[in-house]
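# Tertiary structure, described
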Amino acid sequence: MGKKVKKEIETPRKEPFEPLPFESKTPATVVLMLSSPEEDVLAKACYAIYKFAEKGEENKLSLLGLGALPPLCQHINHEDKRVRRNAIMAVGMMAANVDVKIALKKLDVIPSVIEKLLPEEETVVHEFATLCLSTLSVDFVCKVQITENKGLPSLIRLLSGPDPDVTKNTLEIALNLVQDHPNRAALGELGGVPPLLALVRSEFPVIQLLALRILERLTLDRDARAAFREVQGFEKIMDFINDKDLSDLHVEALRVVSNCVADRESLLLVHQTGGLSRLIQLVALSPAPALPEVQTSAATCIAMVARSSENRKLLHAHDVETALVGLLSAEGDGVRTAACHAVATMSIHLVSKDTFRELEALHVVVQLLSHSCVELRQAAVQALSSLTHDSQLNAAAVEEAAGVEVLVQMLSEGSSTLVSHAAATLANMADQEPLRCRILTHGAAAALVGPLQSATTTDSLLQVTRCLAALACEPHARKEFRKAGGLPPLVRLLSSRHKEVRSNACWAISVCANEEATSVELCKLGALESLQEINESPNRRNRFSEVAMFRLLASNLSVKYCVTGRLASTDITTDGFYDAGPVRPGDKVMTLEELSKQHVNRRRPVLVANAAAKLQAQPSEETRTSRGKSRDQKEGDKQQRDGDESNDQPEPALEKLWPPPCDTAFQKLVTEATKSVLILCDPREQYVTLARLVSEALGGAVETDRLHEFHWELHLSELKFRRRSNVVPIGSVCKGIYCHRAMLFKKDLERHSSSSI
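Just so it is clear, the model here is predicted, and its values are computed rather than measured.

### Focus on the packing of helix 22 (residues 320–328) against helix 24 (residues 350–358)
Contact geometry of helix 22 with helix 24 gives a least axis separation of 10 Å together with a crossing angle of 45°. Between helix 22 and helix 24, the angle is such that the two are oblique. Handedness of the crossing formed by helix 22 with helix 24: right-handed. Contacts from Glu321, Leu324 and Val325 of helix 22 reach helix 24 at Ser352, Thr355 and Phe356.

### A short note on helix 43 (residues 664–677)
If you check helix 43, its first and last C-alpha atoms are 20 Å apart, about what 14 residues at 1.5 Å a residue would give, namely 20 Å. All of the buried residues in helix 43 are Ala665, Phe666, Leu669, Val670, Ala673 and Val677. The buried residues of helix 43 occupy an angular sector of 140° when the element is viewed end-on, so they sit on one face.

### Let's talk about the nonpolar core
Of all hydrophobic cores here, the largest spans 201 residues; its most connected members are Leu104 and Ile237. Those residues in contact with leucine 104, other than ones at most four positions away along the chain, are Leu69, Cys73, Val91, Ala95, Val109, Cys132 and Leu136. Within the second largest apolar cluster, 23 residues are counted, among which are Leu557, Ala609, Ala611 and Leu744.

### Points about the packing of aromatic side chains
Taken as a whole and assessed by the stated rule, the structure comprises 4 aromatic pairs. The rings of Tyr47, Tyr50 and Phe128 are connected pair by pair, giving a single aromatic cluster. Here lysine 735 stacks its cationic end above the ring of phenylalanine 710, 5.7 Å away from the centre of that ring.

### Considering the pattern of salt bridges
Enumeration according to the criterion identifies 26 salt bridges in this entry. With a shortest N-O distance of 3.8 Å, arginine 82 and aspartate 80 are connected by a salt bridge. By relative accessible area, which is 34% here, arginine 82 ends up partly exposed. The salt bridge involving glutamate 122 is made with arginine 85; its shortest N-O contact spans 3.8 Å. Pair noted here: glutamate 122 is in the loop between helix 7 (110–115) and helix 8 (123–136) and arginine 85 is in helix 5 (residues 81–94), with a separation of 37 residues, a long-range link. Salt bridges linked by common partners bring Asp40, Lys44, Asp80 and Arg82 together as one network.

### Some details on unusual backbone geometry
If a residue is not glycine, its phi is most likely negative; likewise, a peptide bond is most likely trans. Of note in the backbone geometry, lysine 150 takes a positive phi value of approximately 60° without being a glycine. Relative to the elements of secondary structure, lysine 150 occurs in the loop between helix 9 (140–148) and helix 10 (151–158). At aspartate 390, a residue that is not glycine, the phi angle is positive and equals roughly 55°. Relative to the elements of secondary structure, aspartate 390 occurs in the loop between helix 26 (374–387) and helix 27 (392–400).

### Re the side chain of threonine 388
Topologically, threonine 388 is positioned in the loop between helix 26 and helix 27. Among the polar contacts listed, one links the side chain of threonine 388 to the backbone oxygen of leucine 384, at a separation of 2.7 Å. Among residues more than four places away in sequence, those in contact with threonine 388 are Asn394, Ala395, Val398, Thr425 and Asn428.

### Here we look at the state of the cysteines
In total, this model carries 0 disulfides according to the counting rule given. The thiol sulfur of cysteine 260 is not disulfide-bonded, and the nearest other cysteine sulfur, from cysteine 301, lies at 8.7 Å.

### Quick word on the side chain of lysine 60
By secondary structure assignment, the location of lysine 60 is in helix 3 (residues 57–65). One polar contact links the side chain of lysine 60 to the main-chain carbonyl oxygen of methionine 93, over a distance of 3.3 Å. With sequence-adjacent residues up to four places away left out, lysine 60 is seen in contact with Ala53, Met93, Met94, Ala96, Asn97 and Val100.

Cut-off values and rules
- Sequence order as written defines the numbering, with residues in each chain counted from 1.
- pLDDT decides what is reported in this predicted model: residues at 70 or higher carry local features, side-chain atom pairs at 80 or more are listed and counted, and totals for whole chains, interfaces and linings draw on all residues regardless.
- Side-chain numbers come from the whole structure's heavy atoms, not from hydrogens or water.
- Angles here are taken between N-to-C directions and fall from 0 to 180 degrees, while the axes themselves are lines fitted to C-alpha atoms, restricted in helices to the stretch in contact.
- Strands here are runs of E lasting at least two residues and helices are runs of H or I lasting at least four, both read from the DSSP assignment and numbered beginning at the N terminus.
- We call two directions roughly parallel when the angle between them is under 35 degrees, roughly antiparallel when it is over 145, roughly perpendicular when it lies between 65 and 115, and oblique otherwise.
- Handedness of a helix crossing follows the sense of rotation of the near helix relative to the far helix, less than a right angle counterclockwise being left-handed and clockwise being right-handed.
- When checking whether two residues touch, look at their non-hydrogen atoms; a contact exists if any pair is within 4.5 Å.
- Expected span of a helix: the number of residues minus one, times 1.5 Å.
- Accessibility here uses a 1.4 Å probe with only protein chains present; expressed as a share of the type maximum, an area under 20% marks a residue as buried, one over 50% as exposed, and anything in between as partly exposed.
- The arc under discussion is defined with respect to the helix axis, by the directions toward the C-beta atoms.
- Residues belong to one nonpolar core when they are buried, are Ala, Val, Leu, Ile, Met, Phe, Trp, Tyr or Cys, and are joined through side-chain atoms within 4.5 Å.
- Two aromatic rings from Phe, Tyr or Trp, using only the six-membered ring of Trp, form a pair when their centres are within 6.5 Å; if the ring planes differ by under 30 degrees the pair is stacked, by over 60 it is edge-to-face, and anything between is tilted.
- Comment: the charge-over-ring label is applied if NZ (Lys) or CZ (Arg) is within 6 Å of the ring centre and within 35 degrees of the ring normal.
- Whenever a carboxyl oxygen of Asp or Glu lies within 4 Å of a side-chain nitrogen of Lys or Arg, that contact is scored as a salt bridge.
- Nitrogen and oxygen atoms within 3.5 Å of one another constitute a polar contact, given that in protein one can donate a hydrogen and the other can accept it, and given that sequence-neighbouring residues count only through two side-chain atoms.
- Cysteine sulfur atoms that pair up within 2.5 Å are treated as a disulfide.

Structure representation (structure tokens):
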């Protein structure tokens, strides 16, 4: 046998591939390289994408469309340091694009980016990681992700870093975060205040500005203010303000101060460290006035300090009024506007009101009412409304400064703020009768109609109705307001959903309803039904609704009689009083004019008493030949009329005669009663005689069991038919029962109210 020989076949040894230089001008090719397993290729591809994205928004969108974002986000956590660095650079550069930002949110990239904030990472990684977060942190969901992934401690640590770009990006993130209340307290608790205060003194203005803006938002939180005080934050900010070389940032610093004085503890610190004096120096015009922007912010800060009564006392002790009055004449609309706001707040202090008057501030503020700047005019009229509140002397000073005419003109302007404060000021002044009359000479009552119809804010409606209630004390004001068409919008306010608006509307109506003409018109517009509805509701009833109802009925006794069924001895009726019968609650009580225009119906007649001589030119009502006839004579006339019923001709309808003509028969009865009653000395005899005359005029005494033979209802129906109207003059009635006799007796009695009766 032959010997087998085994032949070994050796596999060739692997040799490394020579580096291949590669260039690509196609982004798609570079994006494909992001899938390479080689670190060197990945690093170069990520860097190439970063440079490409740096050139503009279109390139970022192109890369997004090519699918570059998902692999880049994965490479953020790559083991190779260069790949991680270049990947975060590319992602940070692309993140500024809106569409890329939306895509990053979907990829949940924030936890990976926060990991790149650790101290062991390179500064450039910190720079682009914070750049990425600065764009994402604008979104609320991203803010939550940053805090939930413990991003705040890393960000606070980076605030003390040496690189200004990292610091700037970190500050932008922090500014976005502190827009939400929970993050303010968290930033203070984690020690974020000291590095922020240190950055206020940075050599880079943009960093100073961002740090101050963060502190402004941060100090809105009470706990954060406590942390701010613990590290002497206020003293450091005041030192910053004292540095004149940093005056361009004093506005931002003063906003921080404004927040610091919001609570009592901070204000005491401000006072103890001389902060109030420094604030007042900033608004003072001497010896060296500050920049207008700084004065504006300082005045705004003072207005915030003055929100509490104790603070106003402290400011008054520092003579802040003198400084503010000086600012009212300063250059710059913003400065004067801020000064007016501060004056308005300080004027809540009664002593300050007097001080401002003594410094002639009211004359200056009145002049500002005619300024072309709307914001300044609004602030000026707000100051006047505060200055004149509970101050008769200040109200008189406004009138002396010729402010009434301008204030009335403001009522016709479209700005609800102007209207509101102008109406408030006029209402304050109208408490004094001479000033009220002066205001009305400028047509203020009619000027209130426009705001009532078009007011869009609750406050403007409240102040306009308050002003109306103050002015409507004068009869000619009520007449002017009524003729200008002010009653319909006023009545509509009774249906307002706002409790205070309804209450003020009731108040104004209670004043306007002090005269019959206005009361009748209000009832015609449905005010009575609205007030009834309000008073029946425990939730809607208010302190003025019942008063308004009482005044409305007291000035319109015909309606009162219909609603309540009774009149008091003190209720003195006038010509035109009518009895339309009782009405159910909620039903509309019609006016005499409306009733006279109705067709004849089966309801009881409406009896009207009218002896007004001025209406005698109108066609007269049916009169009897003589009210002095005896009862027998009247019965004979009645029988004759009954026999000639078929020959009765209908009279002209009353609806064609408006206002109603004089009731001459009623006049004759009054004359006869006067002659018969006034000759008597004993009051009891006078009453008895008057009652007998009334009884004889309306059919005489009737026994109860013979009442069915009296036929008074038939008689009244005949009168309605002959007149072709539901309205019947009381003087034409020959047969009447207790209600008719009571009405006639009261009217006769009132005619003799000036006599011994």
